[in-house]
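Fold and geometry: a report
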Amino acid sequence: MTCGPDEAPLPVRVTRPTPFLDRLPPPVQPLPRWRVDLTPPDIAPWRAGNCGIPGVMHYEGRRPGPHIVCVSLIHGNEFAGAIVLDRLLRARIRPRSGRLSFIFANPEAMDLFDPRDPIRARCVEEDMNRVWSPATLAGSRAAHELDRARVLLPVILTADRLLDLHSMLWPGDPLILSGLATAGREMAQRIGGVATAVADQGHPSGCRLIDHPRFSDEGPAAACLLEAGQHWHESTVSRAMQAVMSLIGPCCGLPVPASGTSVPQRDMMVTDVVTARTGAFRFVAPFRGGQVLPARGTLVAHDGRDEIRTPYDRCMLVMPNLRPARGHTAVRFARAASSPA
Ligand SMILES: [Zn+2]
């Protein structure tokens, strides 16, 4: 099945008409197993911070320049980025120009890490990457991650270039995510060590750090989110280091290693966010993130009575969540994008 560029996309979600099929249990796929090769870094020297904000290490160069902010531990069990920042701090890197901030966003979540139950340490109370809308931050609700976001906000509001370091639970190609704003998409094109750039509008369930208006409004400030690889693999640390070095190397007078100079070759745009409407969302195969399904209309998953199908040819699956909870993002669909203006 093929379609021309002008052919209208197919609906992503189709409710199955056959009542008989509704009584069949959803197909269950065996899950890939994950490996835990990393241990959380000892970030004790940085917990108090050096600028009045716990977990924030801030340095200023002699010459003017942008404020570059690298963020780790928005998710406590994704500590590859914290390993990178810890290594760079121990190496005493400093900016020659501009300002540089390294953030350990949620050490209390990382403290919960237990390799026998490695998912648990993602947060203390709630997903810290869904709390960044100004209304949520300004509201009266209190929670560990939300309160921590409020404490970090002064750094975020002065960032000119922000790289938020994450990793992935399920297998998939590393990618650099930006919002739709021009500055963020252009920043993504210059991040080293990762082959795929993806622009998207975020998640209906809440505002990510990179979606804060500081970055999502068209303006000079830019933010990207790196999904550097699987959570607890050494290769994820290497890739996150390449990405960070490609960003901070020039202002710190450090050479960017050759391995960090390969910038994204594949530029994608998310068109659809598929949210699990039931607790029985099941993919029909253990898809990998970055996998491209050639034909439109390909069955991807069942969600209760609904079938989820690809809306167009050459549809890329962005970070399929092989066991999504109800109300959570299960997968995003993306197609090749025209380059940012
Ligand atoms: Zn994450």
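Our subject in this report is the structure included herewith. Computed from a predicted structure; not experimentally measured.

**What about the pairing of strand β2 (residues 56–60)?**
Of all five residues making up β2, four are buried, and the element is well covered by its neighbours. Judged from the five bridges that link them, β2 and strand β4 (residues 97–104) form a sheet pairing that is antiparallel. Paired with H58 across the bridge in β4 is S101.

**Digging into the coordination of the zinc ion**
For the zinc ion, every protein donor is listed as H75 (ND1), E78 (OE), E78 (OE) and H166 (ND1), and the spread of their distances is 2.1 to 2.4 Å. For the zinc ion, the four donor atoms in the first shell make angles of 56 to 147 degrees at the metal, so the coordination geometry reads as irregular. Donor residues binding the zinc ion come from one chain and are separated in sequence as H-x2-E-x87-H. An identical accessibility class is assigned to H75 and E78; each is buried.

**Here's the deal with the environment of L254**
Looking at the secondary structure, you find L254 in the loop between α8 (234–252) and β9 (266–275). According to the relative accessible area criterion, L254 is partly exposed, its value standing at 28%. It is 9.4 Å that separates the C-alpha atoms of L254 and P95, two residues lying 159 residues apart in sequence. When near neighbours in sequence (up to four residues on either side) are disregarded, L254 contacts I93, M245 and G249.

**Some thoughts on the sheet that holds strand β13 (residues 306–309)**
Within the open sheet, the four strands sit side by side as β1-β13-β12-β10. Their pairing is antiparallel. Each having just a single partner strand, β1 (13–15) and β10 (281–283) make up the two edges of the open sheet. Across the sheet, the mean angle from the axis of one strand to that of its neighbour is 25 degrees, orientation sign disregarded. Where β10 lies against strand β12 (residues 299–303), three bridges are found, and the strand directions are antiparallel. Directly across from F283, in β12, lies its bridge partner A301.

**A short note on the sheet that holds β9**
One open sheet holds the 11 strands; their spatial order is β2-β4-β3-β5-β8-β6-β7-β9-β15-β14-β11, and the pairing between them is mixed. Here the strands that pair on one side only, and so sit at the sheet edges, are β2 and β11 (292–293). Inspection of the sheet shows strand β6 (residues 175–178) paired to strand β8 (residues 222–230) by four bridges, in the antiparallel sense. Across the sheet, the residue bridging to I176 is L226, located in β8. Across the sheet, helix α2 (residues 80–90) is in contact with β2, β3 (63–72), β4 and β5 (161–168); its angle to β4 comes to roughly 130 degrees. Packed onto the sheet, α8 meets β3, β4, β5 and β8 and runs at close to 150 degrees relative to β8.

**A closer look at the nonpolar core**
With 47 residues, the main nonpolar core has F79, L88, F102, L163, I176, L226 and I248 as its most contacted residues. If one sorts the elements of this core by residue count, α8 sits on top with 10 residues. Beyond its immediate sequence surroundings of up to four residues, F102 is in contact with G55, V56, M57, C70, L85, L88, L89, I93 and I248. Among the nonpolar cores identified, the runner-up in size contains 35 residues, and I53, L137, A149 and L153 belong to it.

What counts and how
Residues numbered from 1 in each chain as written. Predicted model: local features only at pLDDT ≥ 70, side-chain atom pairs only at ≥ 80, totals over all residues. Heavy atoms only, no water. Buried < 20%, exposed > 50% of the residue type's maximum accessible area, 1.4 Å probe, protein only. Helix = DSSP H or I, 4+ residues; strand = E, 2+ residues; numbered from the N terminus. Pairing = 2+ DSSP bridges. Donors = N, O, S within 2.8 Å, 3.2 Å for Na, K, Ca; no water. Tetrahedral: all angles 85-135°; square planar, octahedral: opposite > 155°, others 65-115°. Contact = heavy atoms within 4.5 Å. Axes fitted to C-alpha atoms, helices over the stretch in contact; angles between N-to-C directions. Core = buried A, V, L, I, M, F, W, Y, C linked by side-chain atoms within 4.5 Å.

Note that every value here comes from positions in space, so none of it alone points to a role or purpose.
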